[in-house]
Amino acid sequence: LYFWAVALNRLGRHAEAVEKAKLALALTPDKPELYLNLGDSLANLGKLDVAMANYRHALTVKPDCEEAYLSLGIALCRLGKHAE
């Protein structure tokens, strides 16, 4: 399901990618890459606050996840929260 969600996101089918990512998370909630992909799909849909929550959750699963920090930073910049 994870790779399916990634493929859908890359194809621009973000709403479908969100659904597949949620299904994957229901099966394996301890994988930070699942939260990252879900966050990316949500960010592409303009749902930056929910995307950031997923990036932060990825960091609770894997505190040294560089990609989660990067994605979180990008989302904060898109929201104009440069100080954060």
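Residues numbered from 1 in each chain as written. Predicted model: local features only at pLDDT ≥ 70, side-chain atom pairs only at ≥ 80, totals over all residues. Heavy atoms only, no water.

J.: Would you mind going over the packing of aromatic side chains with me for this structure?
T.: The geometry of an aromatic ring pair comes down to the distance between the two centres and the angle between the two planes. As enumerated under the stated definition, the model contains 1 aromatic pair in all. Between the NZ or CZ atom of lysine 20 and the centre of the ring of tryptophan 4, over which it lies, the distance is 4.1 Å. (Phe/Tyr/Trp six-rings, centres within 6.5 Å; stacked < 30°, edge-to-face > 60°. Lys NZ or Arg CZ within 6 Å of the ring centre and 35° of its normal.)

J.: Can you walk me through the packing of helix H3 (residues 32–44) against helix H5 (residues 66–78) in this structure?
T.: The axes of two packed helices give the description: the angle between them and the distance between them. Contact pair H3 / H5: the axes reach a minimum separation of 11 Å and the direction vectors enclose 20°. Between H3 and H5, the crossing angle belongs to the class labelled roughly parallel. The handedness of the crossing between H3 and H5 is left-handed. Residues Leu36, Asp40 and Ala43 of H3 lie in contact with H5, whose contacting residues are Glu67, Ala68, Ser71 and Arg78. (Axes fitted to C-alpha atoms, helices over the stretch in contact; angles between N-to-C directions. Helix = DSSP H or I, 4+ residues; strand = E, 2+ residues; numbered from the N terminus. Parallel < 35°, antiparallel > 145°, perpendicular 65-115°, else oblique. Left-handed = near helix turned anticlockwise from the far one by under 90°. Contact = heavy atoms within 4.5 Å.)

J.: Even after reading the chapter, I still don't get the environment of leucine 27, so can you show me in this structure?
T.: Inspection of the secondary structure puts leucine 27 in helix H2 (residues 14–27). When its relative accessible area of 65% is taken as the criterion, leucine 27 is described as exposed. In the structure, leucine 27 is positioned 26 residues away from leucine 1 in sequence and 9.5 Å away in space, judged by C-alpha atoms. (Buried < 20%, exposed > 50% of the residue type's maximum accessible area, 1.4 Å probe, protein only.)

J.: Help me understand the pattern of salt bridges, please; the structure alone is not making it clear to me.
T.: Side-chain pairs of opposite charge can arise where the charged atoms are in close proximity. Taken as a whole and assessed by the stated rule, the structure comprises 2 salt bridges. Ionic pairing is found between arginine 13 and glutamate 16, a salt bridge with its closest N-O pair at 2.7 Å. What makes arginine 13 partly exposed here is its relative accessible area of 38%. The partly exposed category is assigned to glutamate 16, whose relative accessible area is 38%. Note that arginine 56 is salt-bridged to glutamate 84, the shortest N-O span being 3.7 Å. Separated by 28 residues along the polypeptide, arginine 56 in helix H4 (residues 48–61) and glutamate 84 in the segment after H5 bring together distant segments of the chain. Accessibility expressed as a relative area gives 60% for glutamate 84, which makes it exposed. (Salt bridge = Lys/Arg side-chain N within 4 Å of Asp/Glu carboxyl O.)

J.: What is the right way to read the nonpolar core from this model?
T.: By size, the foremost hydrophobic cluster in this structure holds 22 residues, and its most contacted members are Leu36, Leu38, Tyr55, Ala68 and Leu72. Listed by contribution, the elements that provide at least two residues to this core are H2, H3, H4 and H5. Look past the residues within four positions of tyrosine 55 in its chain and what remains in contact with it is Leu36, Gly39, Asp40, Ala43, Ala68, Ser71, Leu72 and Ala75. (Core = buried A, V, L, I, M, F, W, Y, C linked by side-chain atoms within 4.5 Å.)

Function cannot be inferred from these measures alone, as they are strictly geometric.
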